[in-house]
Structures are given as structure tokens and as C-alpha cells.
Amino acid sequence: MLKLLSSSSSCLQARVLIPGHRLTYIIRLCSSISISESPSPQSINVPFISDLIAKQHWSELKTHLKDSTFITVLPQLIDSGADPELILRYFNWSQKGLNVPHNIEITCRLLLSLANTKKYPKMRSLLDEFVRRNEKHSISSIFHMLSLWSNQFCANSIIVDMLVVAYVKNSKTNLGFEAFQRAGDYGFRLSVLSCNALLSALVKEKEIGYVEFVYKEMFRRRIKGDLYTFNIVINGLCKVGKLNKAKDVIDDMKAWGISPNVVTYNTIIGGHCKLGGLGKMHKADAILKEMVANNICPSEMTFNVLIDGFCKDENVAAAFKVFEEMRRQGLKPGVVTYNSLINGLCCHGKLDEACGLQDEMLGLGLKPNIATYNVLINGFCKKKMLKEARELFDDIGDRGLVPNVITYNILIDAYCKNEMKEEAYAFHSMMIERGVFPNTSTFNCLIAGSFKQGNMETARKFLHQMEVKGLKADCITYNILIDALCKDGEPRKAERLLNEMFTKGLNPSHLTYNTLMDSYCREGNLNAALNLRARMEKEGKRANIVTYNVLIKGYCVREKLVAANELLNEMLEKGLIPNRTTYEIVKVEMMDKGFVPDIDGHLHNISSS
DNA sequence: ATAGGGTTAG
């Protein structure tokens, strides 16, 4: 409990009553650069000074005020009830001229007087400047000052609301989140506007845990979300594959009387297409039907998302069916539509058809963009038609387009994979010369290429170069390094890299674990492989087909056929469909050694029964 | 004054 006793221009006395104690403390709160030593600061002639500020007679003002009193003028101006805009003008001038750090107390008082006169744009720019200055003011000190100087919840809330937006706008999302959280402790009410801005920034930074926190907290604080709020949260959840939770949010919004719109549906359909797992396109199709049943008309974007999904699901035929349906509904396919289809055809090696489609889009007056070229170049590269890829690359400039980092990465990767490192390095230099900066992916291609050629030294050189350039190793970099060590028969060293990934906040993928398990299995260390499986599942990653293939093979080569068979059964029970590799392992390692399959595909050991 | 789509690297 705190009771205000008195306040001077720069100091504030308050009595602190600590519950359960009989003692009363008198504290003096002084701002950092206030001249608290002088008991009564020289008072100023407010009307006179105000007039000078209004006329912007700064040099005259400077001669009237001694240097040391600049900061004492502000509280007096505020106390006098002068026009807040006038005070702000003086504040900005003294700030610029003297470059003194922001004084929290003064800033908060100024914000409060601006809030009371509804000078919202001025408050926004003041807060923007405050946040941009990067001074290390703690959020709690700001909130504390606001509570000390005002008991108007409304004014305080508006300031805090704008503060959150200012942090988010200036890419200080973590501070925006902290302000959001503390606002709850202080009981300040935030608007849906600032919450949406915060949520949107958190989604962009893939901080989904925080997104979920803010979303739940909004309910708890009775901040009513709008259509944007729900769409942002749904998008965040879809991006990390939490599709069931995304569906729950759709139920939430309906419960709040907000109907999902075309964006909502496109987002959730896209989520299924990208990370839906088994039978994902069927689910995506079902959502499309639900959307139509709810009288939401699919847009060009809806079809684009579906077409791309089918292409990635290696079902180009279905993609073309959607393409036809799209035109039947009178929607015009755009460049993105064609890019998805061209990419789908390229991935199937159907380059002639892909080029034909490009001609078709040209005929429709659609201009290919750099992504169109990237998918085509990639198609040629994957078919080892590097000459044709190079020719396409040379066409880019004639089309008035500029190759981007992806274009270069595709070609560098292709040259590395085809043991043409001179060409790869030439493209690496070319991109730098042309001002396209290599990114982590560029180095991943170069590092992987070096390993492939057995050139450990070069790989290390690129890894070093990458760090020097301030580029951080990502999951794929680690996978490349882990793979190289594993191929070298060094799974223990590779596992150390796995540990390092966690310390760097990187999320190992199935592939990471599977690579390591395979390497342990090859040297017959089944326990180490099983430990890794346990670790992987502890991290929320269920064994996939490759995991089972690796482990089954591991048991087989150690002649533990019964254990291998148990794993095979486990895999079938979990609904994982054995692939060609599984079949080969089973045939060579098991069926040829006395196991026979029954009608369900389960194997039985005839020598034991 | 905020929400949704296409291209690279394991």
C-alpha cells in the first residue's frame, strides 16, 4: 500500500505501508537525472516560457534557461496545466538538443497529459521515439510511474496499449509481450488492436507458445477477439501443424458469434495441405466442402492452395482437376496457380509439359515471375540438364527479372551435386558481385557438396565462412554435418551435434534422429539406437516408416529376427504402411530366412511353430 | 488500419 504524501517537480514522497509490519517507510522516488539535491528548483515564468516555445524561439529560450534547469522546466510546465502539445514541443527540442536519456517520470506524465487531451497521434509518435531509442527502461518501472501519477485506468490503459503497439512495430516483440503480460498484473485493459498486432508479430516469429498464451489470456481478461484475432491465431497454429487446435479456435470463434470467412478457410485448408500427414488432401477437400456448405465462396487463393497441396502430394492429376474446376467457376488462374502446376510437373520430370504450361500462361498474358523461373530451373537441374538450366538463368535478365537467392542456391546445389564445383563457386561469387547475399541455405548447399566429394577441409572452410558472415547454422546444416559424421562411422560425435542443436534452440527432425539411429545400427549398437528412439518420442516425434525400417534392418543384421518381426507388427498396428524399402528388408532379411507372411501381411516364423 | 497462396538446401 502506498500513499502519496507530496510531490515536487522532480521528487515524489510516498509512504509505504507494508502489510503485517508496523513500520512505515517514507521513501523518496527521484528520477534519475532530476536535481534532487536542490530542495526547491528555481521556478520559471510559465506564461513567458510558453510563449517562447509557441513561437519556437529556441535560442532565446536557451539564454533564459540555464543548462541545468532544462529538465526542471518540464514538471513545472506540466504542473501549470500548460497545453500538452506545447510541452511536447519543448520536450522534443530539449531531447534533440541535449540528447539526454528519456526520463521515465517526465515521459509518463507527458503521456498522461496528452492522453487526457486525447492527442493520440502525438502519443504514438512519442512512444515510437521512446521505444526506438533503445534505452534500458524496465517495463515495470514504466507501469509503476503510470500508476503513481494517475489513477485513471482509462488513460493508463491507452498509453500501455500504444506502448505494446510501439514495441511490436519496432520489432521488439519480446518487450511487447512483456508489456502485455504486465498489463494484466496492473489491471490495464488492452484493446483488441494491440493484441492483434502482438499476435501477428508472434506468429511471424514462430513463437506459437506465446501466441497460445496471449490468446488464452485475452479470454481470461475478457478482451473480445475479432475476426482478425482468430484468423491470426489459426494461421499460427497451422504453421506448426497444430491442426486440431486450429479447429478448436474455429469452434471458439463460432461460439463468440464470429463466422469464419474465406481467409479462415483458406488458412485451415492450407494448413492441412502443408502439414496434414496421411490423407491430408482428403481432409482439405472435406473442409472445402464444409466451406461451400456454409456459403463461403472459394476464391482464387483457395484453389491455389489446393492445387499446390495436390502437387506436393504427388498427385498432379488431382491438381489439374482442381485447376479445371477453378476455371469452371469463372475464376482466373494467376501466376501463382501456374507456378504450382509447373513445379508439380517438374517434380515428376515432365519438363516438356511444364514448358508447355509456361507458354500457356504467356498466351494468357500472365507474366512469369522469378518463382516461375526458379521452379523451371530446378526442374532441369534435377534432371541433370544443367546446360538448359543455365540457359534459362540467362533468360531471366532479358525478361526484366532479377535472379534471387533461391535461383542461385538451386544452381549452386546442382553444380555441387554434379561435381562441377568450379561452376558452383563461380555462381557463389556472381551472386555476391550482384548484391544478392548468400544465406544459410547457400552455405548448406556448398557444405553438403564438399562432404559429398569427401572434402572435409573445404566443408569446414565454408562452415567457418558462414559463421564469419553472421549466418547461423540451421537444422539442415546440422543434418548435413550429422549425416557426414554418421557416414564416416562416427555416430557418437554426431550425437554431440544433436545435443548442440538443443542448446541452440533448434528442433531436430525425424531425419536427424533416423540418420543417427541408422549409423548406430550399422555398427550393431542397437541399444544406442533404441535410446535415440526413446529420446525422439520424448520430444514428441513419433517413429515414422523410416525409423522402423532403420530399426528392423538393425535387428535383422544382428540376426534378431523375432525382435525385428515384433517391430514390423508394431509398425502395422500403428497404421504405418510399409514402403518399398521395408519390403526389401523383409524379403531379403526375413522371408528368405524362414518367415512367411499371412493374409494381413504379418510374418510368421515357420521354424518356431 | 491488424488475417490466407507459389520457388532452394537434409
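Computed from a prediction, not measured in an experiment: that's the story for all the values here.

Trainee: Describe in detail the overall build of chain A, supporting the description with residues and values.
Mentor: Scanning chain A from N- to C-terminus turns up 32 helices and five strands. Overall, chain A is about 100 × 65 × 60 Å in size when its C-alpha atoms are taken along their principal axes. Considering only contacts in chain A between residues 6 or more positions apart, those separated by 24 or more positions represent 58%. Only carbon and sulfur atoms are counted for the fraction: they give 54% of the accessible area of chain A, which is about 31,700 Å². Considering chain A, the positive charge centre built from 76 side chains and the negative charge centre built from 65 side chains are found 6 Å apart.

Trainee: Can you explain the protein's contact with DNA strand B? Please cite residues and give values.
Mentor: Taken together, 45 residues surround DNA strand B, and among them N266, N304, K312, N339 and N369 come closest. When the atoms of DNA strand B within 4 Å of the protein are sorted by group, sugar and phosphate make up 42%. A distance of 3.2 Å separates a base nitrogen of DNA strand B from a polar atom in the side chain of S299. Between DNA strand B and N444, the relevant distance is 3.4 Å, taken from a base nitrogen to a side-chain nitrogen or oxygen of the residue. Element by element, the count of residues in the surface near DNA strand B is highest for helix 16 (residues 300–312), at six residues. Looking at the surface near DNA strand B residue by residue, the classes come out as 16 nonpolar, 20 polar and nine charged.

Trainee: Account for the side chain of T337, with residues named and values stated.
Mentor: If you trace the backbone, T337 turns up in helix 18 (residues 335–347). Owing to a relative accessible area of 0%, T337 belongs among the buried residues under this scheme. Here T337 is in contact with E300, N304, I307, F323 and M326, once residues within four sequence places are set aside.

Trainee: Requested: an account of the environment of L364, with residues and values cited.
Mentor: Take L364: it is sitting in the loop between helix 19 (351–363) and helix 20 (370–382). The spacing of L364 and G334 is 30 residues in sequence and 9.5 Å in space, taken between C-alpha atoms.

Trainee: Tell me about the pattern of salt bridges, and name the residues and values.
Mentor: One pass over the full model with this rule turns up 31 salt bridges. Taking the shortest distance from any N to any O, the salt bridge between R522 and D518 comes out at 3.0 Å. Residue R522 and its partner D518 are both found in helix 28 (residues 510–522); the two are separated by four residues, about one turn of the helix. For R522, a relative accessible area of 67% translates into the label exposed. Linked by salt bridges that have partners in common, R533, E537, E570 and K574 make up one network.

Trainee: Explain unusual backbone geometry to me, using residue names and the numbers behind them.
Mentor: Although it is not a glycine, R222 adopts a positive phi angle of roughly 55 degrees. With respect to the helices and strands, the residue R222 is situated in the loop between helix 11 (208–220) and helix 12 (227–239). Phi angles above zero are rare outside glycine, and E559 is one such case at about 65 degrees. Tracing the backbone shows E559 in the loop between helix 30 (545–557) and helix 31 (561–573). E559 gets classed as exposed once you look at its relative accessible area, which sits at 60%.

Trainee: Explain the packing of aromatic side chains residue by residue, including any values.
Mentor: Following the criterion strictly, the structure yields 19 aromatic pairs and no others. Here Y215 and F219 contribute two aromatic rings whose centre-to-centre distance is 5.1 Å and whose plane-to-plane angle is 85 degrees, an arrangement assigned as edge-to-face. Here Y215 and its partner F219 are both found in helix 11, four residues apart, which amounts to about one turn of the helix. Following the ring pairs from residue to residue traces out a cluster consisting of F143, F153, Y186 and F188. Here the guanidinium or amino end of R109 rests over the ring plane of W149, the centre of that ring lying 4.0 Å away.

Trainee: Lay out the packing of helix 5 (residues 104–116) against helix 8 (residues 153–169) with the relevant residues and their values.
Mentor: Between helix 5 and helix 8, the least distance of the axes is 9 Å, while the angle of their chain directions is 110 degrees. Taken together, helix 5 and helix 8 sit at an angle that is classed as roughly perpendicular. Here helix 5 and helix 8 pass one another in a crossing that is right-handed. Here helix 5 contributes L111, L112, A115 and N116 to the contact with helix 8, which in turn contributes A155, N156 and I159. Here the contact of helix 5 with helix 8 is composed, by residue class, of five nonpolar, two polar and no charged.

Reading guide: rules and limits
Residues numbered from 1 in each chain as written. Chains lettered and ligands numbered in written order. Predicted model: local features only at pLDDT ≥ 70, side-chain atom pairs only at ≥ 80, totals over all residues. Heavy atoms only, no water. Helix = DSSP H or I, 4+ residues; strand = E, 2+ residues; numbered from the N terminus. Contact = heavy atoms within 4.5 Å. Areas by Shrake-Rupley, 256 points an atom, 1.4 Å probe, with all protein chains shown as cover. Lys, Arg positive; Asp, Glu negative; His and termini not counted. Charge placed at Lys NZ, Arg CZ, Asp CG, Glu CD. Near = heavy atom within 4 Å. Polar contact = N/O pair within 3.5 Å; in protein donor to acceptor, adjacent residues only side chain to side chain. Nonpolar A, V, L, I, M, F, W, Y, C, P; charged D, E, K, R; others polar. Buried < 20%, exposed > 50% of the residue type's maximum accessible area, 1.4 Å probe, protein only. Salt bridge = Lys/Arg side-chain N within 4 Å of Asp/Glu carboxyl O. Phe/Tyr/Trp six-rings, centres within 6.5 Å; stacked < 30°, edge-to-face > 60°. Lys NZ or Arg CZ within 6 Å of the ring centre and 35° of its normal. Axes fitted to C-alpha atoms, helices over the stretch in contact; angles between N-to-C directions. Parallel < 35°, antiparallel > 145°, perpendicular 65-115°, else oblique. Left-handed = near helix turned anticlockwise from the far one by under 90°.

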